[in-house]
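This is what each chain is made of:
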Amino acid sequence: MSSALARPARAALRRSFSTSAQNSAKVAVLGASGGIGQPLALLLKNSPLVSGLTLYNIAHTPGVAADPSHIETRAHCLKGCNVVVIPAGVPRKPGMTRDDLFNTNACIVATLSVACAQHCPEAIIISSPVNSTIPITTEVFKKHEIYNPSKIFGVTTLDIVRANTFIGVLKGLDPARVNVPVIGGHAGKTLIPLISQCTAQVDLPQDQLTAITGQIQEAGAEVVKAKAGAPLATLSMAYAGAQFVFSLVDAMNGKEGVVECSFIKFPEADCAYFSTPLLLGKKGIEKNLGIGKISSFGEKMIAEAIPELKASIKKGEEFVRNVK
Ligand code: NAD
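Below or above, wherever it landed, is the structure these notes cover.

Reading guide: rules and limits
- Residues numbered from 1 in each chain as written.
- Predicted model: local features only at pLDDT ≥ 70, side-chain atom pairs only at ≥ 80, totals over all residues.
- Heavy atoms only, no water.
- Phe/Tyr/Trp six-rings, centres within 6.5 Å; stacked < 30°, edge-to-face > 60°.
- Helix = DSSP H or I, 4+ residues; strand = E, 2+ residues; numbered from the N terminus.
- Buried < 20%, exposed > 50% of the residue type's maximum accessible area, 1.4 Å probe, protein only.
- Lys NZ or Arg CZ within 6 Å of the ring centre and 35° of its normal.
- Near = heavy atom within 4 Å.
- Polar contact = N/O pair within 3.5 Å; in protein donor to acceptor, adjacent residues only side chain to side chain.
- Areas by Shrake-Rupley, 256 points an atom, 1.4 Å probe, with all protein chains shown as cover.
- Nonpolar A, V, L, I, M, F, W, Y, C, P; charged D, E, K, R; others polar.
- Axes fitted to C-alpha atoms, helices over the stretch in contact; angles between N-to-C directions.
- Left-handed = near helix turned anticlockwise from the far one by under 90°.
- Contact = heavy atoms within 4.5 Å.

### Considering the packing of aromatic side chains
Given two aromatic rings, one states the distance between the centres and the angle between the planes to describe the pair. Applying the stated criterion to the full structure yields four aromatic pairs. Here the aromatic rings of Phe263 and Tyr273 are separated by 6.0 Å at their centres, their planes lie at 25 degrees, and the arrangement is stacked. Separated by ten residues along the polypeptide, Phe263 in strand 8 (residues 259-265) and Tyr273 in strand 9 (residues 273-281) bring together distant segments of the chain. Tyr273 matches Phe263 in its accessibility class, with the two residues each being buried. Above the ring of Tyr147, the side-chain terminus of Lys142 is found at 5.7 Å from the ring centroid. Between Lys315 and the ring centre of Phe102, over which it is positioned, the NZ or CZ distance is 4.8 Å.

### Side note on the site of the ligand
Close contacts around the ligand come from 23 residues, with Gly35, Ile36, Asn57, Ser128 and His186 the closest. The contact in question runs from an oxygen atom of the ligand to an N or O atom on the side chain of Ser33, over 3.4 Å. Between an oxygen atom of the ligand and a main-chain N or O atom of Val90, the distance comes to 3.4 Å. Taken by itself the ligand offers 860 Å² of open surface, and the protein chains cover 85% of this. Sort the elements by how many residues they give to the shell around the ligand and helix 4 (residues 102-119) lands first, with three residues. Its residues assigned to classes, the shell around the ligand shows 13 nonpolar, ten polar and no charged.

### Remarks on the packing of helix 2 (residues 37-45) against helix 9 (residues 235-252)
Running from N to C, helix 2 and helix 9 cross one another at 40 degrees; their axes reach a closest spacing of 8 Å. For helix 2 against helix 9, the interelement crossing comes out right-handed. Together, Pro39, Leu40, Leu43 and Leu44 of helix 2 and Leu235, Ala238, Tyr239, Gly241, Ala242, Val245 and Phe246 of helix 9 make up the contact between the two elements. Taken together, the residues of the contact of helix 2 with helix 9 sort by class into ten nonpolar, one polar and no charged.

These results come straight from atomic positions and should not be treated as a statement about function.
This is the structure we're talking about:
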C-alpha cells in the first residue's frame, strides 16, 4: 500500500467534523441503541457528510431516533439509505470467544441481511463482527440474487486504529500520522498487522515486533477483561466504524485515493475472504490493492491465520445453506 493513497483516508474522520461539505449520504445503523450503535449514531449525526440517518433496533426503538434527532445538524432520521452499518449483535463476556456467540450473532446478521436484501438491495453494507458474518451476508445476498462483491465490507478498522495507537506510543509518534495496514481477519491470530509496511516507517527488533503484534491481536480480549463484564470496546469501535463510513462516503462522493483495509470476498487468495487495503470508489470497491511486499514474519502469520479463517468462513456459509 502506498502512503500517498493511505493518507487521505486517515484524515477523513477529522475533516468530517470540521468542514461544511454538503453531500447526501443516507446511512442506516442497525443495532443503533447498543453500546457501539449509540456513539456511532452520534458520530454520524455530527458529520456534514451524512444527510440522512436511519436508526433501527429491536429494543428501545422510539428513543433510538428521538435523542439524536434533537441535535442541530442537517442529518434527519428518515427512511431510505445508500449505506447500511450493522453493529447489532450480542457482545462477548469475559472468558468467551466470538465463536461462543456464533449462533446468536449469525441469526441476527442473517435476519438483518435479509431485510437489507429486500428493502435496500442497492445499498453498501458494512458489518461487524466479521470473520463469519461477512460470509453470511454474502450468502444471503446470493440467495436473493442481488449479490455485488464490491458492496459488502467487514469493518476491521478498529485493528488499524489500535495498531496506529500502539506503534505511535511505542515510537513516540503522533498516532494520527501512523498508518499500519492490517490484513487477514478480525479476531486474534487471524488479524495480521503489517508493521513492515507502516507509514511512518518504523524499525523494530524481532522481540518488540512479536510483542506489539501480540498486543494488537489481543487488544479486543484485553478490553473485555479490563471492563469485567461491562460493555466491551464500544467507543473505539464506534470511532473506527465511523471512520470507515466517512472514507466510504468520501469515495462515493468522488474523492480520489481513498484507501481502507476491509474484510471482503477475495477469490484469488488461498481463502475466500481476506482483509486487504482497498481503493474505494463511487460504487464501493474500486480496486483491491493486495497485500504488497510481505516480510517472512508476515508470511508466517498468514500461514497461521488461514486455517482458522477458513473454518470461520465455512461456518458462516454453512449457516446460511442450512437455513430453510
Ligand atoms: P450491545 O448489546 O450493547 O448492542 C447490540 C444492540 O443490537 C442491542 O441494542 C440489541 O437490541 C441490538 N439488536 C440485536 N438484534 C437486533 C436485530 N435483529 N435488529 C436490530 N437490532 C438488534 O452490543 P455492542 O457492545 O454494541 O456490540 C454489538 C456487536 O458488535 C456484538 O456482536 C459485539 O461482539 C460486536 N463487536 C465488534 C467489535 C469489533 O471490533 N468488530 C468490537 C466490539 C463489539
